[in-house]
Amino acid sequence: MIKKDKKTCDEEPQKQQFNYPLILIEGTVVGVLTGLVGAGGGFLIIPALVILSKLPMKEAVGTSLVIIAAKSLIGFFGESGETVIDWLFLSKVIAFAIVGIFIGMALSKKIDGSKLKPAFGWFVLVIGIYIIIKETLL
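Every value quoted in this text rests on a predicted model; they were computed, and no experiment measured them.

Colleague: For this particular structure, what's the right way to read helix α2 (residues 42-52)?
Modeller: Structurally, the α-helix is built with 3.6 residues per turn, so residues lying three or four positions apart point the same way. Burial in α2 covers these residues: G42, I45, I46, P47, A48, L49 and V50. One or two steps after α2, the chain reaches K54, where phi turns positive at roughly 60°.

Colleague: So what exactly am I meant to see when it comes to helix α3 (residues 57-79) here?
Modeller: An ideal rise of 1.5 Å per residue puts 33 Å on 23 residues; α3 measures up with 33 Å between its terminal C-alpha atoms. Listed as buried for α3 are M57, A60 and S64. At its buried positions, α3 is contacted by α2 and α5 (113-137).

Colleague: Explanation requested: the nonpolar core in the structure shown.
Modeller: Where a protein is soluble and globular, its nonpolar side chains tend to be buried together. Formed by V30, I45, I46, A48, L49, V50, L55, M57, A60 and F120, the largest nonpolar core amounts to 10 residues. Sort the elements by how many residues they give to this core and α2 lands first, with five residues. Excluding its chain neighbours within four sequence positions, the residues that come into contact with A60 are I46, L49, V50 and L55.

Colleague: Just checking my understanding: could you explain the packing of helix α1 (residues 20-37) against α2 for this structure?
Modeller: Each packed pair of helices is defined by two parameters, the angle between the axes and the distance between the axes. Packing of α1 against α2 leaves a shortest axis separation of 10 Å and a crossing angle of 165°. The angle between α1 and α2 falls in the class roughly antiparallel. Like other packed secondary-structure pairs, α1 and α2 cross with a definite hand, here right-handed. Contacts between α1 and α2 involve L22, E26, V30, L33 and T34 from the first element and L44, I45, A48, L49 and L52 from the second. Here the residues of the contact of α1 with α2 are counted per class, giving eight nonpolar, one polar and one charged.

Colleague: Would you mind going over the side chain of S64 with me for this structure?
Modeller: Tracing the backbone shows S64 in helix α3. S64 sits in the buried class, given a relative accessible area of 1%. Here S64 is in contact with G42, I45, I46 and L49, once residues within four sequence places are set aside.

Colleague: How do you make sense of the environment of G42 when you look at a structure like this?
Modeller: Secondary-structure assignment places G42 in helix α2. Measuring from C-alpha to C-alpha, the distance between G42 and V61 comes to 8.0 Å, with 19 residues separating the pair along the chain. For G42, the residues in contact, after removing those within four places along its chain, are P47, S64, I68 and F120.

So, how was this worked out
Residues numbered from 1 in each chain as written. Predicted model: local features only at pLDDT ≥ 70, side-chain atom pairs only at ≥ 80, totals over all residues. Heavy atoms only, no water. Buried < 20%, exposed > 50% of the residue type's maximum accessible area, 1.4 Å probe, protein only. Helix = DSSP H or I, 4+ residues; strand = E, 2+ residues; numbered from the N terminus. Expected span 1.5 Å × (residues − 1). Contact = heavy atoms within 4.5 Å. Core = buried A, V, L, I, M, F, W, Y, C linked by side-chain atoms within 4.5 Å. Axes fitted to C-alpha atoms, helices over the stretch in contact; angles between N-to-C directions. Parallel < 35°, antiparallel > 145°, perpendicular 65-115°, else oblique. Left-handed = near helix turned anticlockwise from the far one by under 90°. Nonpolar A, V, L, I, M, F, W, Y, C, P; charged D, E, K, R; others polar.

Structural data, given as structure tokens:
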């Protein structure tokens with residue numbers, strides 16, 4: 001995701017075609033990894049969608065958010081009978097998430113997807129290095 005695409009300006013855009021068996025495998029692997037490790041799905045889902053499914057960055061981010069929301073909702077309902085829920089705290093988190101959605105929508109109109117892709121790649125790389133250093137030194 002950090003490297004620039006090798007496409008030239010002469011290439012005509014082609015209709016998006018999906019490799020459904022690859023997407024099924026990709027979804028299963030990412031689901032198993034996020035379920036086992038408990039790692040945030042966004043940093044695994046977005047690269048998988050961009051690299052393997054060839055989705056544009058902005059579509060991959062939106063798709064990832066829908067997937068994460070669905071997984072969170074399923075997890076919430078799976079645990080809701082076993083845990084006391086602090087509804088005030090939950091309401092605050094939801095309110096901040098809604099504000100963040102509107103800020104993100106406004107920013108997405110101003111940021112080009114081709115610049116977002118390497119920025120996200122560098123972000124994931126830096127966070128990964130930080131986590132490795134933190135876990136090996138402590």
